[in-house]
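These are the residues of each chain, in order.
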Amino acid sequence: MKTAYKDIEAEHTVNEVLNILQLGRVVIIFRVLLIFSHFFSSSSHRVCSMYGVEPSYFFVIKSMMRSKPFQLVACAFGISIVIFGYAMRICERAVSHTDPTYGLANFQNTLWNVIVTMTTVGYGDYSPVTNFGRLVAFLICMWGVFIVSLMVVTLENFLQMNSAELRTYSVIERIQMKRELRNLAQRIIRQVIRMLIKTIKRKTLSISDAAELKRRIKDFKVLKREYRASLDESTSLGEQMRRQFEYLKDEIKDLIAQQRELKRVGTNLIEYVKAQELKDIQSKSSDS
């Protein structure tokens, strides 16, 4: 395949095309790594069959995203840079044969081009000119959007609080609101006292002082409503915790009942085995 570049025709050799096609063997490496994961073991297959889940490679990837999201995204990003950089260098090697100063002939420049393309920055200092190179650049763009989306989702999940952290946050916020309410109430009382003193001395009331007092009273009412709303929210959280404890209590009762049933079955089985052994001994003694 020939490509025109600065009035120079660059031709791809058969070896270069085959090298590009051989990069597909990287998928085999990924499959082997997924197979050796504990999410793809025989016990995982049995658990998946119990719950009607297909133990596929996608299930393994989803499980790894939940257990080790940062490691998986970082490995995918780093490996993608190397693979796509190598593919870009192979595709643009035809131009470097005729123009040794071509930027993407250097492997470091191809890695830089892949990084800025995957992160959707696109400085434009290096760009492919061959048809194969542009096809690889298109694949890099699509894969980069996917990787960046995974990064955003992983970071969002990391910043989300669990139930204990949410309860702690709500308690700290209520304590801070209570302090602000106390301080605001103190400022309102002090301002009212100052206004009374000024009124007694001057026999008049300043409009600015009255407006400031009105604003602070309004802020106090708003903060008080927020504080009451946080108390209602904490009550709902307490109700949820109570229901969860009741559910756990029922689960423990069921487990205790199952344990007693298993104990009863085991006792009957032991008694049956002993009776059979006694019968065997009696039969042997009678035969003798």
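Now for a look at the structure at hand. Not measured: the values here are computed from a predicted model.

1. Side note on the overall build of the protein
Point 1. When its secondary structure is counted, the protein shows nine helices and two strands.
Point 2. Mapped from its N terminus to its C terminus, the protein presents α and β elements in the order β-β-α-α-α-α-α-α-α-α-α.
Point 3. Across the protein, contacts joining residues at least 24 apart in sequence account for 64% of those joining residues at least 6 apart.
Point 4. Only carbon and sulfur atoms are counted for the fraction: they give 62% of the accessible area of the protein, which is about 21,300 Å².

2. Overview of the layout of surface pockets
Point 1. As a volume, the largest pocket reaches approximately 1,400 Å³.
Point 2. In this structure, the largest pocket is lined by 39 residues; those nearest its centre are Phe30, Ala76, Ile79, Ser80 and Trp143.
Point 3. Broken down by secondary-structure element, the contributors of at least two residues to the lining of the largest pocket are α1 (14–22), α2 (26–35), α4 (57–67), α5 (69–98) and α7 (131–159).
Point 4. Residue contributions to the lining of the largest pocket peak at eleven residues, all from α5.
Point 5. Taken together, the residues of the lining of the largest pocket sort by class into 31 nonpolar, six polar and two charged.

3. A few points about a positive patch on the surface
Point 1. Residues Lys214, Lys218, Lys221 and Arg225 make up a contiguous surface patch of positive charge.
Point 2. The exposure class assigned to Arg225 is exposed, which follows from its relative accessible area of 54%.

4. A short note on the environment of Arg216
Point 1. Among the secondary structure elements, Arg216 is positioned in helix α9 (residues 207–287).
Point 2. Since its relative accessible area comes to 17%, Arg216 is described here as buried.
Point 3. Sequence separation of Arg216 and Leu184 is 32 residues, and the distance between their C-alpha atoms is 7.4 Å.
Point 4. Apart from residues no more than four positions distant in its own chain, Arg216 is found in contact with Leu184, Arg187, Ile188, Gln191 and Arg194.

5. Side note on the packing of helix α6 (residues 107–118) against α7
Point 1. It is the contact of α6 with α7, at a shortest axis distance of 8 Å, that shows an interaxial angle of 55 degrees. As far as their axial angle goes, α7 and α6 are oblique. The interaxial crossing formed by α6 with α7 has right-handed handedness. On α7, the residues that touch Val114, Thr117 and Met118 of α6 are Ala137, Ile140, Cys141, Trp143, Gly144, Val145, Ile147 and Val148.

6. Observations regarding the nonpolar core
Point 1. Of all hydrophobic cores here, the largest spans 19 residues; its most connected members are Met88, Val114, Met118, Val136 and Ile140.
Point 2. Here the element with the most residues in this core is α5; it accounts for eight residues.

7. Overview of the environment of Tyr86
Point 1. Here Tyr86 shows up in helix α5.
Point 2. Overall, the relative accessible area of 33% leaves Tyr86 in the partly exposed class.
Point 3. As for Tyr86 and Leu23, which are separated by 63 residues in sequence, their C-alpha atoms are 9.1 Å apart.
Point 4. Aside from chain neighbours lying at most four places away, what touches Tyr86 is Leu23 and Phe107.

Cut-offs and rules
- Residues numbered from 1 in each chain as written.
- Predicted model: local features only at pLDDT ≥ 70, side-chain atom pairs only at ≥ 80, totals over all residues.
- Heavy atoms only, no water.
- Helix = DSSP H or I, 4+ residues; strand = E, 2+ residues; numbered from the N terminus.
- Contact = heavy atoms within 4.5 Å.
- Areas by Shrake-Rupley, 256 points an atom, 1.4 Å probe, with all protein chains shown as cover.
- 1 Å grid on protein atoms, 1.4 Å probe; cavity = no way out; pocket = protein on both sides within 12 Å on 5 of 7 lines; lining within 4 Å.
- Points joined across faces, edges and corners; volume = space filled by probe spheres on them.
- Nonpolar A, V, L, I, M, F, W, Y, C, P; charged D, E, K, R; others polar.
- Patch = residues over 30% accessible without salt bridge, like charges linked within 9 Å, V, L, I, M, F, W, Y side chains within 5 Å.
- Salt bridge = Lys/Arg side-chain N within 4 Å of Asp/Glu carboxyl O.
- Lys, Arg positive; Asp, Glu negative; His and termini not counted.
- Charge placed at Lys NZ, Arg CZ, Asp CG, Glu CD.
- Buried < 20%, exposed > 50% of the residue type's maximum accessible area, 1.4 Å probe, protein only.
- Axes fitted to C-alpha atoms, helices over the stretch in contact; angles between N-to-C directions.
- Parallel < 35°, antiparallel > 145°, perpendicular 65-115°, else oblique.
- Left-handed = near helix turned anticlockwise from the far one by under 90°.
- Core = buried A, V, L, I, M, F, W, Y, C linked by side-chain atoms within 4.5 Å.

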